[in-house]
Amino acid sequence: MKFTKMHGLGNDYVYVNCFQEKIENPSKVAKYVSDRHFGIGSDGLIMINPSEVADFEMEMYNADGSRGEMCGNGIRCVAKYVYDYGLTDKTSISVETLGGIKYLDLTVKDGKVILVKVDMGTPILKPALIPIVADGDMVVNEPIIVDRTEYRMTGVSMGNPHAVIYMDNIKDLNLDQLGPKFENHERFPKRINTEFVKFIDRHTLEMRVWERGSGETMACGTGACAVAVASILNGLTEEKVTVKLLGGDLQIEWDREADKVYMTGPATTVFDGKIDITGISSDK
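Residues numbered from 1 in each chain as written. Predicted model: local features only at pLDDT ≥ 70, side-chain atom pairs only at ≥ 80, totals over all residues. Heavy atoms only, no water.

### Details of the overall build of the protein chain
For step 1, the next point in the chain: Looking only at helices and strands, the protein chain features 4 helices and 18 strands.
For step 2, the next point in the chain: Here the C-alpha coordinates of the protein chain stretch approximately 50 × 40 × 35 Å along the principal axes.
For step 3, the next point in the chain: Within the protein chain, contacts between residues separated by at least 24 positions form 62% of all contacts whose residues are at least 6 apart in sequence.
For step 4, the next point in the chain: Total accessible area computed for the protein chain in this model is approximately 12400 Å², and 47% of it derives from carbon and sulfur atoms.
For step 5, the next point in the chain: Here the protein chain holds 32 positive side-chain charges and 42 negative ones, and the gap between their average locations is 2 Å. (Helix = DSSP H or I, 4+ residues; strand = E, 2+ residues; numbered from the N terminus. Contact = heavy atoms within 4.5 Å. Areas by Shrake-Rupley, 256 points an atom, 1.4 Å probe, with all protein chains shown as cover. Lys, Arg positive; Asp, Glu negative; His and termini not counted. Charge placed at Lys NZ, Arg CZ, Asp CG, Glu CD.)

### Focus: the pairing of strand β16 (residues 248–255)
For step 1, the next point in the chain: As paired strands, strand β15 (residues 240–245) and β16 are joined by 6 bridges and run antiparallel to one another. Each bridged residue has a counterpart across the sheet, and for T242 the counterpart in β16 is Q251.
For step 2, the next point in the chain: Taken together, β15 and the strand that follows it, β16, pair antiparallel across an intervening segment of 2 residues.
For step 3, the next point in the chain: When β16 meets strand β17 (residues 260–265), the two strands line up antiparallel, connected through 5 bridges. Bridged to E253 within β17 is Y262. (Pairing = 2+ DSSP bridges.)

### Details of helix α2 (residues 72–84)
For step 1, the next point in the chain: Over its 13 residues, α2 extends 19 Å from the first C-alpha to the last, a length consistent with the 18 Å expected when each residue adds 1.5 Å.
For step 2, the next point in the chain: Within α2, 13 of the 13 residues are buried, which leaves it mostly tucked inside the rest of the structure.
For step 3, the next point in the chain: Within two residues after α2, G86 carries a phi angle of roughly 80 degrees, on the positive side. (Expected span 1.5 Å × (residues − 1). Buried < 20%, exposed > 50% of the residue type's maximum accessible area, 1.4 Å probe, protein only.)

### Re a nonpolar patch on the surface
For step 1, the next point in the chain: A cluster of nonpolar side chains, V53, I101 and Y103, forms an exposed patch at the surface whose accessible area comes to about 280 Å².
For step 2, the next point in the chain: Inspection of the secondary structure assignment puts I101 in strand β7 (residues 100–109).
For step 3, the next point in the chain: According to the relative accessible area criterion, I101 is partly exposed, its value standing at 33%. (Patch = residues over 30% accessible without salt bridge, like charges linked within 9 Å, V, L, I, M, F, W, Y side chains within 5 Å. Salt bridge = Lys/Arg side-chain N within 4 Å of Asp/Glu carboxyl O.)

### Notes on unusual backbone geometry
For step 1, the next point in the chain: Look at the link from I130 to P131: it is a cis peptide, with omega at -5 degrees.
For step 2, the next point in the chain: A positive phi angle, close to 55 degrees, is found at D147, a residue other than glycine.
For step 3, the next point in the chain: Along the chain, D147 turns up in the loop between β9 (142–146) and β10 (149–157).
For step 4, the next point in the chain: Here R191, not a glycine, exhibits a phi torsion of approximately 65 degrees, which is positive.
For step 5, the next point in the chain: Given the relative accessible area of 24%, R191 is considered partly exposed.

### A look at the pattern of salt bridges
For step 1, the next point in the chain: Under the counting rule described, the total for this entry stands at 15 salt bridges.
For step 2, the next point in the chain: Where D55 meets K90, a salt bridge forms, and the shortest distance between an N and an O atom there is 2.9 Å. With D55 in the loop between β3 (44–49) and β4 (56–62) and K90 in the loop between α2 and β6 (92–97), the pair connects residues that are 35 residues apart, well separated along the chain.
For step 3, the next point in the chain: In this structure D55 comes out as partly exposed when scored by relative accessible area, which is 27%.
For step 4, the next point in the chain: The partner of E150 in a salt bridge is R152, with the nearest N and O atoms 3.5 Å apart.

### Remarks on the side chain of N49
For step 1, the next point in the chain: Tracing the backbone through its elements, the reader meets N49 in strand β3.
For step 2, the next point in the chain: Using a relative accessible area of 8% as the deciding quantity, one classes N49 as buried.
For step 3, the next point in the chain: When sequence neighbours within four positions are dropped, the list of residues in contact with N49 reads C18, F19, F56, E57 and E59.

### Observations regarding the pairing of β4
For step 1, the next point in the chain: The buried fraction of β4 is high, at 7 of 7 residues.
For step 2, the next point in the chain: Burial along β4 is two-sided: the face carrying F56, M58, M60 and N62 and the face carrying E57, E59 and Y61 are both buried.
For step 3, the next point in the chain: The hairpin turn running from β3 into β4, its antiparallel successor, is 6 residues long.
For step 4, the next point in the chain: Direction of pairing for β4 relative to β6: parallel, over a ladder of 2 bridges. The residue of β6 that forms the bridge with F56 is V95.
For step 5, the next point in the chain: The sheet contact formed by β4 and strand β5 (residues 67–68) spans 2 bridges and is antiparallel. For Y61, the partnering residue across the bridge sits in β5 and is R67.

### Topic: helix α3 (residues 175–183)
A turn of α-helix holds 3.6 residues, and therefore any two residues three or four places apart point the same way.
For step 1, the next point in the chain: Turning to α3, its buried residues number three or more, namely L175, L178, G179, F182 and E183. Taken around the axis of α3, the buried residues stretch over an arc of 135 degrees, which confines them to a single face.
For step 2, the next point in the chain: A distance of 3.3 Å separates the backbone nitrogen of D176 from a side-chain oxygen at the start of α3, and that oxygen is part of N174. (Arc of directions from axis to C-beta. Polar contact = N/O pair within 3.5 Å; in protein donor to acceptor, adjacent residues only side chain to side chain.)

### Some words on the side chain of S214
For step 1, the next point in the chain: Within the secondary structure, S214 is located in the loop between β13 (204–211) and β14 (215–217).
For step 2, the next point in the chain: Given the relative accessible area of 19%, S214 is considered buried.
For step 3, the next point in the chain: There is a polar contact of 3.0 Å between the side chain of S214 and the backbone oxygen of D43.
For step 4, the next point in the chain: Among the polar contacts made by the side chain of S214, one reaches the main-chain amide nitrogen of A63 at a distance of 3.5 Å.
For step 5, the next point in the chain: When sequence neighbours within four positions are dropped, the list of residues in contact with S214 reads D43, N62 and A63.

None of this, on its own, says anything about what the molecule does.
This is the structure in structure tokens:
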């Protein structure tokens with residue numbers, strides 16, 4: 001199987017051009033290639049497929065083999081891949097995901113994509129649609145007990161579910177211990193991505209993220225969008241913010257009038273390669 005390793009701010013995936021390749025069991029392949037000791041090493045697998053409703057389809061799997069609805073960093077890399085590898089010559093494209101069709105604008109320099117702006121769509125705030133077990137029309141600054149400690153969470157879906165938690169100190173958090181307890185909490189029927197956020201000023205936020213099915217990652221695009229929306233709902237920031245992640249910065253804007261969230265950030269190609277998945281991709 002031919003593949004390309006790419007990352008958006010360190011949130012790395014193995015990308016496969018499924019116009020040319022066929023993967024019979026992507027869940028098993030995702031687990032295999034994601035292993036950082038015995039595989040390629042990544043946060044998951046992303047397949048670039050033909051689409052009947054958009055220019056391309058992004059089919060993504062987390063490192064544990066579970067299917068993911070949407071990945072903000074991942075979709076920027078899809079845009080870079082399809083342009084840089086000649087699948088399109090357009091600088092505005094549409095990509096089908098389980099979280100809906102997303103629209104992307106590409107900034108090109110010397111024939112290569114260096115920056116991608118993504119229309120991430122309308123944030124979903126109704127608890128049942130995120131989903132989060134809660135009363136009321138939204139989950140904003142609501143208490144949740146995790147490991148006998150009370151936290152305050154704000155719930156947002158950007159095509160996948162997020163719980164945003166504000167803290168003064170995120171640097172010293174043991175996310176390997178705390179992250180799974182949030183991810184598998186009974187209030188999250190489909191598990192959850194959790195952002196632990198430090199407020200810096202009305203234009204700047206810092207976050208760490210525990211991603212459902214992958215653990216702590218260097219960056220999460222949908223998570224950064226959820227953080228921006230949550231921060232506006234809590235009255236903390238303006239509509240345009242810089243979200244600082246372990247892997248770098250993302251620019252996020254929630255256009256309240258249009259009710260759309262826009263994310264702008266880089267995408268990077270690491271290397272191309274081939275890997276033998278004989279037996280791995282079978283359904284047995």
